[in-house]
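So you can see what is in the structure, the chains are spelled out below.
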Amino acid sequence: MRILIIGAGNAGRHLAGKLCDMSHEVVVVDRDQERLALLEAQLDILTVRGSGSSPDVLERAELAKANLLIAVTNSDEVNLLACICAHEAGVPNTVARIVNPALMESPLLDYKRLGVDCLVSQNQEAADELFEILKNPGLLESVWLLDGRALIARVQVRPGSPLLNGTLADLSVAHAAADETTPDSGAASSSEPRQVPAEAAPHGAVANLMARVRFITALRGDVSFLPRGDARFEVGDDLYVAVLPGDLSRFLDWMYPGRHAFGKSVIAGGGGLGLNLARRLETASIPAVLLERDAARAGECSDVLHKTLVLNGDASDQEMMVNAGVGPNTAFVAITGDEELNIISCMLAHKLGAPLTVALVSKPEYVPVIRSLGLLSRVVSPHLSMTNAILHYVRGKHIRAATWLHKAPGELLHVVVREGHRWAGKPISGLKMPGECLIATVLRGDTIHVPTGDLTVEEGDQLVIFALPADVGRVQSLFKR
Amino acid sequence: MNLRPVLHLISIMLAVLGLAIGLCAGIAWLYADPWQARIGMLAASGIVLATGILLFVLTRGPVDLSRRDGFGIVTFGWLAAAILGSLPFMLTGVITDPAAALFETMSGFTTTGASVLSDLEAVPRGVMFWRAMTHFFGGMGVLVLCVAILPFLGVGGMQIYRAEMPGPSKDRLTPRIATTAKLLWGVYVFLCVAEAALLRLGGMDWFDAFCHAFATMATGGFSTRTASVAAYNSAYIESVIIVFMFLAGTNFALNYRALLGRPLCYFRDPEFRFYLGAWLTATVVIILNIYRTVYPSFGQAVRAAFFQSTSIMTTTGFCTEDFDLWPGGSKVILVLLMFIGGCAGSTGGGMKNIRVLVVLKKVVREITLFMQPQAVVKVKIGREPVPQEVISHISAFFILFVLVFAGGSLVMTLFTPDLQTAVTSVIATLGNIGPGLGGVGAVQNYSAIPTGGKLFLTLFMLLGRLELYTVLIVLLPGFWKK
């Protein structure tokens, strides 16, 4: 596929790298020669210098040949104009990044008619996820699938976690023995049909819960591994788990014995994202403090926030942080426009004992370095949610959507079992999976089914398959007609 | 530099060369060469192929190339190609001296076309075809060929492409470097075949037609005749060769676009306009200079001047006339043309027209600033201003080229007493032309140069083909550090 990316900023660079790795033909347009030279030295792509909203520049970039145009400059106007030009030139799909939320909601603009197929906004999606994390202590990342019906959650193994008591298989046996109703857990590849009454004994509830949970992938340091039945976990391992939305808090309670809600959430940075997040926390009645360096902006925030305490101060100032209440029972979220400040203030919050520290970091280059520091609980890169929205167009028709996980390599592919597909009518344990793939969840009609070994795949089922980068192509070809 | 992936890619290149030598062994059988030649070619093919396969197996693993590795692959790849590629000459007994065989092979791969052989008619056909094949592989770059055919290189392919393709800016036809490499090789092979067919029509046999087509399109200059193209004494053959030499000295991205039906793109390219202008000016001045003084007939002067100026400027090095007998003015023009060479992205050598053009414009800019210190003057190529870094990069290359040439001339005076021979042998190898003046002139060859001089000039051919930096970087101690 030939993809034209307008804008070689952080988002454009991140996208170009990902798409190039997926062996697409990538052309990047930007006004800054230096940025382009840097990008061309690192990636196998073509670069064109000029403004992405100028038709002659787009012509030079051979717009008409492109199958997809992605406009991710900082200017909404340029992005929209580029998409409109592309639509007129016959480019089948266009994606525009929108910064101004008013543009997203306005009824005055009919984007479909203008030729913009997809609008992505980093703020909205990042605010949603951060809200989720602050609402559910222990949750580090949430990826919603199948229109909010299923959830992939990232959790971390902490001291005292029941996962430290043995292998996954041991755990399920232990629960089953205590409960004597279900012999196996969701992690193992096959198990008996389970019809556990909803009101079960405490241990039974755990076994029941474990039966509905699927361990997707795990990370130790930077190395990912598949959590099979014989896997043992260590403190600090990250786990990606498919869990039903209704089970999330029960799963987190099990995962972190003695878990309790954050006493307070401190947000550093009252920009669009910070304000959005603070308002969401207000509606959910979660106590929050907003730190904003700029006095005028702090005033603006105070105008619209009614319960949140707005402080005018710098998040790199220790006294300010203590004043704001950063301490052992506080979640700290640093989402200012200054990435270095975000990282430093998170380290400070960590020192003050905050159990959850989240930093917004846009530069993809920083992310591995920050991870190796091991101090922050979570790095939010605003491009990921955006790339997930865009992947949908890249993966082609037979795959509905694809989602990247933040930390682990691999993709979640959303596929539909069509009539006469060779998987239809077979139990999951009898399927020949390409490589190390794993079915994360199954949607049949309107209900989610836990993909245990005995579940039979039916025509019309929607599957979410987790595939390592090397296997993505094989899954794709499996679902190609 | 990561040695394992570098050797891995070189091993693939050696396997390709081994197969090509095998093809030449087939030609040796076809033309019923003497048994020593047939066996020698087969043995050489076997050795090169076996070396390639052995190295391939020993260095298996993932190939992840950094920028540095690209330079390493290209420099060492070319050295390995020249060393192992000289086996067919030695094992068949055509050239017994290893230094001379290395010189001949490097001259072939770098498309210099300087030869140590004095009687080409006596060379077996198989060896002769291999000699032409070295041009063919070296012209567009044997490693760029690898980039085109190996699917797994990705960004690594770009590093190789950058290190091997001549010219300051690497024109890309498509976003993917492998696709670009494929297209360029496609154009190159297409033009080779087209020229061979046209030469066949002019009365050459297929063997000579292909050998000359390879030598032309690669801007090499190895002929199958001792007297070079003069041996055919055909105005038709000479015109065909002039046209194709000129195309070979043009940016292949332009040739590609022209073949797609946009021939006007040539004239929109500022470098091409400069190339055309320099070529026509030089030719006209030479005609005026040699008409009456050397050639009594105007037609003869035109024919000689056009062929020789094209051959020298595109750095091919075919000869129809002994230009050593021409007046001094014409000789100086020819030597100046050697410095200019072909266009960026062509198979020609020299400094490349675009660099000369930028340096000249820079000089004009400086002079303007002397008169008008407040003027804001940008160096522009066409209508595009050239970025400051590019200008300084090109100026540095220009200076380095002249310094290397001067240093080389000094060293060559150790090997040959004649100043003209020493100086022109250096530019003729550094610019990948082939014939120089005096002792290495049009009707002479390099066999008289002592062994030390031959090895020295071999290095210069490599320096010229890989445009100095690629080779010089490898000599820096920092290159070898992890």
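Residues numbered from 1 in each chain as written. Chains lettered and ligands numbered in written order. Predicted model: local features only at pLDDT ≥ 70, side-chain atom pairs only at ≥ 80, totals over all residues. Heavy atoms only, no water.

Let's talk about the overall build of chain A
So, step 1. When its secondary structure is counted, chain A shows 17 helices and 22 strands.
So, step 2. Against the compact-globule benchmark of 23 Å for 481 residues, chain A has a radius of gyration of 23 Å, which places it among compact chains.
So, step 3. Structurally, chain A occupies a C-alpha span of about 70 × 60 × 45 Å along its principal axes.
So, step 4. Taken across its 481 residues, chain A has 56% of its residues classed as buried.
So, step 5. For chain A, the share of sequence-separated contacts (at least 6 apart) that also reach a separation of at least 24 residues comes to 61%.
So, step 6. Only carbon and sulfur atoms are counted for the fraction: they give 51% of the accessible area of chain A, which is about 20100 Å².
So, step 7. Taken as two groups, the 45 positive and 56 negative side-chain charges of chain A have centres that lie 3 Å from each other. (Helix = DSSP H or I, 4+ residues; strand = E, 2+ residues; numbered from the N terminus. Rg over C-alpha atoms; globule rule 2.2 N^0.38 Å. Buried < 20%, exposed > 50% of the residue type's maximum accessible area, 1.4 Å probe, protein only. Contact = heavy atoms within 4.5 Å. Areas by Shrake-Rupley, 256 points an atom, 1.4 Å probe, with all protein chains shown as cover. Lys, Arg positive; Asp, Glu negative; His and termini not counted. Charge placed at Lys NZ, Arg CZ, Asp CG, Glu CD.)

Considerations on the interface of chain A and chain B
So, step 1. Listed by partner, the interface residues are 14 residues for chain A and twelve residues for chain B.
So, step 2. Considering only the surface of chain A that becomes buried against chain B, Glu25(A), Asp44(A) and Leu46(A) emerge as the three largest contributors, covering 49% of it.
So, step 3. Taken together, the connections running from chain A to chain B amount to one salt bridge.
So, step 4. With its nearest N and O atoms 3.9 Å apart, the salt bridge here joins Arg176(B) to Asp44(A).
So, step 5. Linking chain A to chain B there are three residue pairs in polar contact (both at pLDDT 80 or more).
So, step 6. Broken down by secondary-structure element, the contributors of at least two residues to the side of chain A that touches chain B are strand 2 (25-30) and helix 2 (33-42) of chain A.
So, step 7. Along the lines of polarity and charge, the residues of the side of chain A that touches chain B split into seven nonpolar, three polar and four charged. (Buried area = accessible area lost by both parts, 1.4 Å probe. Salt bridge = Lys/Arg side-chain N within 4 Å of Asp/Glu carboxyl O. Polar contact = N/O pair within 3.5 Å; in protein donor to acceptor, adjacent residues only side chain to side chain. Nonpolar A, V, L, I, M, F, W, Y, C, P; charged D, E, K, R; others polar.)

Remarks on the sheet that holds strand 7 (residues 141-145) of chain A
Residues and elements named next belong to chain A.
So, step 1. With antiparallel pairing, five strands are arranged side by side in an open sheet as 7-8-11-9-10. The open sheet is flanked by strand 7 and strand 10 (223-225), the only strands paired with a single partner. In this sheet, adjacent strand axes meet at a mean angle of 20° when their direction is disregarded.
So, step 2. Inspection of the sheet shows strand 7 paired to strand 8 (residues 150-156) by five bridges, in the antiparallel sense. The partner of Trp144 across the bridge, within strand 8, is Leu151.
So, step 3. Taken strand by strand, helix 10 (residues 248-255) contacts strand 8 and strand 11 (238-243), and its axis lies near 20° from that of strand 8. (Pairing = 2+ DSSP bridges. Axes fitted to C-alpha atoms, helices over the stretch in contact; angles between N-to-C directions.)

Some remarks on the domain arrangement of chain B
Residues and elements named next belong to chain B.
So, step 1. Partitioning chain B into structural domains gives domain 1 (1-164) and domain 2 (175-448).
So, step 2. Placing a centre on the C-alpha atoms of domain 1 and another on those of domain 2 gives a separation of 25 Å.
So, step 3. With 39 residues of domain 1 at the contact, the number on the domain 2 side is 37 residues.
So, step 4. Carbon and sulfur atoms supply 71% of the area that domain 1 and domain 2 bury against each other, a total of about 3100 Å² over both sides.
So, step 5. Considering only the surface of domain 1 that becomes buried against domain 2, Thr112, Phe136 and Met140 emerge as the three largest contributors, covering 22% of it.
So, step 6. Here domain 1 is connected to domain 2 by zero salt bridges.
So, step 7. Between the two partners, domain 1 and domain 2, sit twelve residue pairs in polar contact (both at pLDDT 80 or more).
So, step 8. Of all the secondary-structure elements, those providing two or more residues to the side of domain 1 that touches domain 2 are helix 5 (98-109), helix 6 (125-140), helix 7 (142-149) and helix 8 (155-164).
So, step 9. Here the side of domain 1 that touches domain 2 takes twelve residues from helix 6, the largest share from any one element.
So, step 10. When the residues that make up the side of domain 1 that touches domain 2 are grouped by side-chain class, the tally is 20 nonpolar, 14 polar and five charged. (Domains from an automatic or database assignment.)

A word on the pattern of salt bridges
All names here are of chain A.
So, step 1. Per the counting criterion, the structure on display carries 27 salt bridges over all chains.
So, step 2. Salt-bridge contacts for Arg444 lead to Glu458; the nearest nitrogen and oxygen are separated by 3.6 Å. Linking Arg444 in strand 20 (residues 438-444) with Glu458 in the loop between strand 21 (447-449) and strand 22 (462-467), this pair joins segments that are 14 residues apart in sequence.
So, step 3. Assessed through its relative accessible area of 19%, Arg444 is described here as buried.
So, step 4. Connected through salt bridges with shared partners, the residues Arg2, Glu25, Glu62 and Lys65 form a single ionic network.

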